[in-house]
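One-letter residues, chain by chain:
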Amino acid sequence: MAESVFGFLNIDKPSGMTSHDVVARVRRLCRNSIGKTKVGHAGTLDPMATGVLVICLGYGTRLSEYAMQSTKQYRATVHLGIETDTYDAEGETLAKKDASHVTLEDVKAAIQPYIGDIQQLPPMYSAIKKDGKKLYELAREGVEIEREARPVTIHAIDIVSWDNPTIVLDVTCGAGTYIRSLAHDIGEQLDTGAHLSGLIRTRSGAFSVDDAVVLDELLESETWQESIISPGNALKDWNSIQLSDHESAEIRLGRYISKNDDVSDNLVMAYMPDGHLLAVLENHGNQWKPHKVFLPQS
């Protein structure tokens, strides 16, 4: 069955709300104005954090994994001298240390080991699952388990301001990076302890906080659908191919099509002549194989 809406919303998530809270409100908005609609998000933000939360609508929910793989940018405020169990300001204080001796040069040296391809230990208070249970659920029960470090990429860390004991950083990173862990690790490197006291996601792929809509304004708008971003604009970082009418018909039937291009990517976005994103295609030697198909509204 074709979806009546297919795209994304770029919402500036307010502090104090979970990503699920935002999804629930948008789902209610859709139900009241256009009918029952699948709604999801591409990349969780902690309740404390604000900034870009990508909401997926209709078939867009089947594209969330591709939106999540994009490069992210954050404005992070790190407070030295106080370590918490959650690695952020919402947690319980575990330790306090004097950080008054730390200099800007010390901070510059402390962030260097975390730029590039690194192994990062995720926090206990995270949604990662262990034996079917989320780590934060175990943490709330007072259980702490061994976590395995995970490979992440941090492209750049720029110091925006330094006013001891507070560092404001701009972080550009790949998917899966925990900024809370980065704040904690910087505190470890400086031997002062630290926690994340503020976080704004300023960019996620093609989505920028400068273009994001305020949630309350979206919910009150009678023209909210004008804020829907097409898959073509949302996923413009991905390689794409244009299909002919014949190729579109073949893909709609689930058939492979000949690969008459030099695209070497494993997956590409395939658009119909009218601009509709018809499918995600998988590289299959000299053919493109339908991986996910999005039938247009008839």
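Coordinates for the structure precede this section.
Attention now moves to the environment of Ile 115. Within the secondary structure layout, Ile 115 lies in the loop between helix 3 (104-111) and strand 7 (116-120). Separated by 39 residues in sequence, Ile 115 and Ile 154 have C-alpha atoms that sit 5.1 Å apart.

Peptide bonds are, in most cases, trans, and in most cases residues other than glycine have a negative phi. Residue Asn 164 is joined to Pro 165 through a cis peptide bond whose omega torsion reads 15°. If you trace the backbone, Pro 165 turns up in the loop between strand 10 (150-163) and strand 11 (166-173). Phi is positive for Tyr 87, close to 70°, though the residue is something other than glycine. Locating Tyr 87 in the fold gives a position in the loop between strand 5 (82-84) and strand 6 (93-96).

Within strand 1 (residues 6-13), seven of the eight residues are buried, leaving the element largely enclosed by the surrounding structure. Of the pairings in the sheet, the one linking strand 1 to strand 3 (residues 50-58) comprises eight bridges and is antiparallel in character. For Phe 8, the partnering residue across the bridge sits in strand 3 and is Cys 56. With two bridges connecting them, strand 1 and strand 14 (residues 213-214) associate as parallel partners. When the bridges of strand 14 are listed, Ile 11 appears paired with Val 213.

This next bit is on the packing of aromatic side chains. Within this structure, the stated rule accounts for five aromatic pairs. Ring plane angle 45° and centroid distance 5.4 Å describe the contact between Phe 6 and Phe 294, whose orientation is recorded as tilted. Of this pair, Phe 6 sits in strand 1 while Phe 294 sits in the segment after strand 19 (287-293), placing them 288 residues apart in sequence. Owing to a relative accessible area of 0%, Phe 294 belongs among the buried residues under this scheme. A centroid spacing of 5.5 Å and a plane angle of 55° characterise the contact between Tyr 59 and Phe 294, whose relative ring orientation is tilted. A residue pair is termed long-range when its members are at least 10 positions apart, and Tyr 59 in the loop between strand 3 and helix 2 (64-68) and Phe 294 in the segment after strand 19 qualify at 235 residues. Through a chain of ring-to-ring contacts, three or more aromatic side chains come together here, namely Phe 6, Tyr 59 and Phe 294.

So, about the nonpolar core. In this structure, Leu 80, Ile 157, Val 171, Ile 179 and Ile 186 are the most contacted members of the largest nonpolar core, which totals 29 residues. Take this core: its biggest share by element is five residues, from helix 5 (residues 179-190). Aside from chain neighbours lying at most four places away, what touches Ile 186 is Ala 110, Ile 111, Tyr 114, Ile 167 and Leu 169. Cys 56, Tyr 59, Tyr 66 and Phe 207 belong to the second largest nonpolar core, which has 20 residues in total.

Moving on, we come to helix 3. One full turn of an α-helix is made of 3.6 residues, so residues set three or four places apart face in the same direction. Within helix 3 the residues assigned to the buried category are Val 107, Ala 110 and Ile 111. Angularly, the buried residues of helix 3 cover 90° about the axis, an arc narrow enough to put them on a single face. The inward-facing, buried residues of helix 3 abut strand 10, strand 11 and helix 5.

Further remarks concern helix 8 (residues 245-252). Among all positions of helix 8, only Glu 247, Ser 248, Glu 250 and Ile 251 are buried. End-on view of helix 8: buried residues confined to an arc of 160°, all on one side of the axis. With respect to the buried face of helix 8, the exposed residues turned more than 90 degrees away are Asp 245 and His 246. Buried residues along helix 8 sit against strand 15 (240-242), strand 16 (257-258), strand 18 (277-284) and strand 19. Note on helix 8: the residue one or two positions beyond its end, Gly 254, has a positive phi of about 80°.

Rules of the game
- Residues numbered from 1 in each chain as written.
- Predicted model: local features only at pLDDT ≥ 70, side-chain atom pairs only at ≥ 80, totals over all residues.
- Heavy atoms only, no water.
- Helix = DSSP H or I, 4+ residues; strand = E, 2+ residues; numbered from the N terminus.
- Buried < 20%, exposed > 50% of the residue type's maximum accessible area, 1.4 Å probe, protein only.
- Pairing = 2+ DSSP bridges.
- Phe/Tyr/Trp six-rings, centres within 6.5 Å; stacked < 30°, edge-to-face > 60°.
- Core = buried A, V, L, I, M, F, W, Y, C linked by side-chain atoms within 4.5 Å.
- Contact = heavy atoms within 4.5 Å.
- Arc of directions from axis to C-beta.

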